[in-house]
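Report on the structure
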Amino acid sequence: MEKLLPRFLEYVAIDTQSDPYSKTTPSTKNQWDLAKKIVLELHQIGMQEVSIDEHAYIMAILPSNIDKKVPTIGFISHMDTSPDFTGKNVKPQVIKDYDGKDIVLNKRKKVVLSPDYFEDLLQYKGQTIITTDGTTLLGADDKAGIAEIITAMEYLVNNPEIKHGDIRIAFTPDEEIGEGAHKFDVKKFGAQWAYTMDGSQIGELEFENFNAASAKITIEGKSVHPGYAKDKMINAIGIANEFLSFLPVTEIPEKTTGMEGFFHVHHIKGEIEKAEIELIIRDHDKEHFEARKELLQDISDKLQKKYGDFIQLEIKDQYKNMREKIEPVFHIVEIAQEAMESLGIEPIIKPIRGGTDGSQLSFMGLPCPNIFAGGHNFHGKYEYVPLESMEKAVMVIVKICELTAIQIK
Ligand SMILES: [Zn+2]
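Residues numbered from 1 in each chain as written. Predicted model: local features only at pLDDT ≥ 70, side-chain atom pairs only at ≥ 80, totals over all residues.

1. Some thoughts on the overall build of the protein chain
We apply this condition: Each helix corresponds to a stretch of at least 4 residues labelled H or I by DSSP, and each strand to a stretch of at least 2 residues labelled E; elements are numbered beginning at the N terminus. Put simply, the radius of gyration uses C-alpha atoms, and a globule should come to 2.2 Å times the residue count raised to 0.38. Using C-beta atoms placed from the backbone, we call a residue buried if 20 or more other C-beta atoms fall within 10 Å of its own, exposed if 12 or fewer do, and partly exposed for counts in between. Note on contacts: each residue gets a C-beta atom placed from the backbone, and two residues are in contact if those atoms are within 7 Å.
Secondary structure summary: the protein chain contains 10 helices and 17 strands in total. Taken over the C-alpha trace, the protein chain has a radius of gyration of 24 Å; the compact-globule value for 409 residues is 22 Å, and the two agree within 12%. Out of the 409 residues belonging to the protein chain, those deemed buried represent 46%. Pairs at least 24 residues apart make up 78% of the contacts formed inside the protein chain by residues separated by at least 6 positions.

2. Regarding the domain arrangement of the protein chain
The figure often quoted for interface size is the accessible area lost as the parts come together. Cut-off, in case you're wondering: Where each domain begins and ends follows an automated or database-derived domain assignment. Three residue categories are used. Nonpolar comprises Ala, Val, Leu, Ile, Met, Phe, Trp, Tyr, Cys and Pro, charged comprises Asp, Glu, Lys and Arg, and polar comprises the others, including Gly.
We note that the domain assignment places domain 1 (4-208 + 322-407) and domain 2 (211-319) within the protein chain. Computed over C-alpha atoms, the centres of domain 1 and domain 2 are 37 Å apart. Taken together, the five residues of domain 1 in the interface contact four residues of domain 2. Taken together, the residues of the side of domain 1 that touches domain 2 sort by class into one nonpolar, three polar and one charged.

3. A closer look at the UniProt feature "active site" (unreviewed entry) in the protein chain
To keep things clear, this is the line we draw: UniProt positions are given in the numbering used here, feature names are shortened, and annotations may be inferred rather than shown by experiment.
In the numbering adopted here, UniProt assigns the feature "active site" (unreviewed entry) to Asp80 and Glu175. Their sequence span is 96 residues, while the largest C-alpha to C-alpha distance among them is just 6.7 Å; these annotated residues converge on one region. Here aspartate 80 lies in the loop between β3 (73-78) and β4 (93-95). Setting aside its immediate chain neighbours within four residues, aspartate 80 contacts Thr16, Gln17, Ser18, Gln31, Pro173, Asp174, Glu175 and Glu176. Within the element layout of this structure, glutamate 175 appears in the loop between β8 (167-172) and α4 (186-189). Take glutamate 175: there are 27 C-beta atoms within 10 Å of it, and that puts it in the buried class. Setting aside its immediate chain neighbours within four residues, glutamate 175 contacts His78, Asp80, Asp142, Gly180 and Asp357.

4. Some points on the sheet that holds strand β11 (residues 211-220)
We apply this condition: Here, a strand pair is defined by DSSP locating no fewer than two bridges between the strands. The axes used here are C-alpha line fits, helices contributing only the stretch in contact, and every angle between their N-to-C directions lies in the interval 0 to 180 degrees.
If you trace the four strands from one edge of the open sheet to the other, you get β12-β13-β11-β14, paired in antiparallel fashion. Either end of the sheet is taken by a strand with one partner, and the two such strands are β12 (262-270) and β14 (311-319). The average undirected angle you get between the axes of adjacent strands in this sheet is 15 degrees. Here β12 runs beside strand β13 (residues 274-283); their pairing, made up of eight bridges, is antiparallel. Considered in β13, the bridge of valine 265 is made with leucine 279.

5. Examining the environment of serine 362
Take serine 362: it is sitting in helix α9 (residues 357-363). Setting aside its immediate chain neighbours within four residues, serine 362 contacts Met322, Lys325, Ile326, Pro367 and Cys368.

6. Considerations on helix α5 (residues 236-245)
Convention followed: Summarising the geometry, the arc corresponds to the directions from the helix axis toward the C-beta atoms.
Those residues of α5 not exposed but buried are Ala236, Ile239, Ala240 and Phe243. The buried residues of α5 all sit within an arc of 105 degrees when viewed along its axis, so they share a single face. Structurally, α5 contributes buried residues whose contacts are with β11, β12, β13, α6 (286-307) and β14.

7. Focus on the UniProt feature "binding site: Zn(2+) 2" (unreviewed entry) in the protein chain
The sites that carry the UniProt feature "binding site: Zn(2+) 2" (unreviewed entry) are, in the present numbering, Asp141, Glu176 and His379. Look at the named residues: they lie 239 residues apart in sequence, but the longest C-alpha span between them is just 9.7 Å, so in the fold they bunch up. Structurally, aspartate 141 is set in helix α3 (residues 140-158). Once residues lying within four places of it in the same chain are set aside, the contact partners of aspartate 141 are Thr81, Gly375, Phe378 and His379. The exposure class assigned to histidine 379 is partly exposed, which follows from the 17 C-beta atoms found within 10 Å. Those residues within four positions of histidine 379 in sequence are excluded, and the remaining contacts are Ser82, Asp84, Phe85, Leu137 and Asp141.

8. Quick word on the pairing of strand β2 (residues 58-62)
The element β2 is extensively covered by neighbouring structure, given that five of its five residues are classed as buried. Along β2, one buried face is formed by Ile58, Ala60 and Leu62 and the opposite face, lined by Met59 and Ile61, is buried too. Of the pairings in the sheet, the one linking strand β1 (residues 48-52) to β2 comprises three bridges and is antiparallel in character. Bridge pairing in β2 links isoleucine 52 to isoleucine 58. Where β1 hands over to β2, the hairpin turn is made up of five residues, of which alanine 56 adopts a positive phi near 75 degrees. Note: β2 against β8, five bridges, orientation antiparallel.

9. Observations regarding the environment of glutamate 41
Mapping glutamate 41 onto the fold places it in helix α2 (residues 30-44). Residue glutamate 41 is classed as partly exposed on the basis of its 19 C-beta neighbours within 10 Å.

10. A word on unusual backbone geometry
Following threonine 25, the chain continues into proline 26 via a peptide bond in cis, with omega recorded as -5 degrees. Following aspartate 141, the chain continues into aspartate 142 via a peptide bond in cis, with omega recorded as 10 degrees. Of note in the backbone geometry, aspartate 231 takes a positive phi value of approximately 60 degrees without being a glycine. Mapped onto the fold, aspartate 231 is located in the loop between β11 and α5. With 5 C-beta atoms counted inside 10 Å, the residue aspartate 231 sits in the exposed group. Look at histidine 379: it is not a glycine, yet its phi comes out positive at around 70 degrees.

See below:
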């Protein structure tokens, strides 16, 4: 376990920010730097069949040490960090025996991580907290997950009295830009089910996420001299505005929580001749999700009737709620729950207000709930992770391997 922290610190020092505008996989070359390091390390700790493909997907096996046949399970995390905030020159600070007070991340820039604002910090009084220096993100999302999985595998290698079946692990690029699962070879991975180690605070266990779609509305207008425009001009900006006025004003990200879905308009561009609206739709409930898509279609039809054939609506499904794929194999959630409880961790089961690689993988045939990696405040300079949470995550992985071998026939 003593290698967990140095391992994590080495990984975050490597910039692996992904790029949503790139056409390659991985989306950025830097991700290879971490990938190569991980491959080397997997060989060093004694993993078998270590492979890396042309897109930097890493896979490896820890072979079974038990005579009976038990299910093959897997653990997955991602190597990239968010495009939303810089991950270059990450200089982590390790604060031992946290005293529950403000942590000055950067004196010169006056960046302070304060429990007055981030009250979760107080749970970790007395623990070792790893923070940024206030100028970058940390990358605990998801390098904490990588360090935890590798450390858990090392732990199992060094403690052969813990019996387990075949354990498969994988590290993927480009999760943060929604591309982590696309090129994942589920067949080659060969696990019956897996867990992404990509959740936030200690205890998180997630098997439900949003249904997600994106929509683009394009409106063609007709420009005429405003002095002579009566019954002739079609102002695309005005129609765009009218379109938006039909959307429910309270069903937006800043006014919803828990299981409440929303429309989120994130881009508008407009001139008289042409306007564009881009938005995303999110809802855990399948029927509500479909109803949201229908509402957009209805608005579009209504405006078309009023103004003519000037409005185009394009809706694209992005990902689906994995719940329907997890429910039939719910013991995989129960094992994780039991593993946590046996280690004195209270499971926090709640729907994800987003997606994970696991949701895509679940629909590709690899049911894949999500487990905490321990970090907080992802994708920004206030990101931090308590070392003790990471250690617990390591033990959860070990325990799941053990319980699977004992319980499942
Ligand atoms: Zn993540």
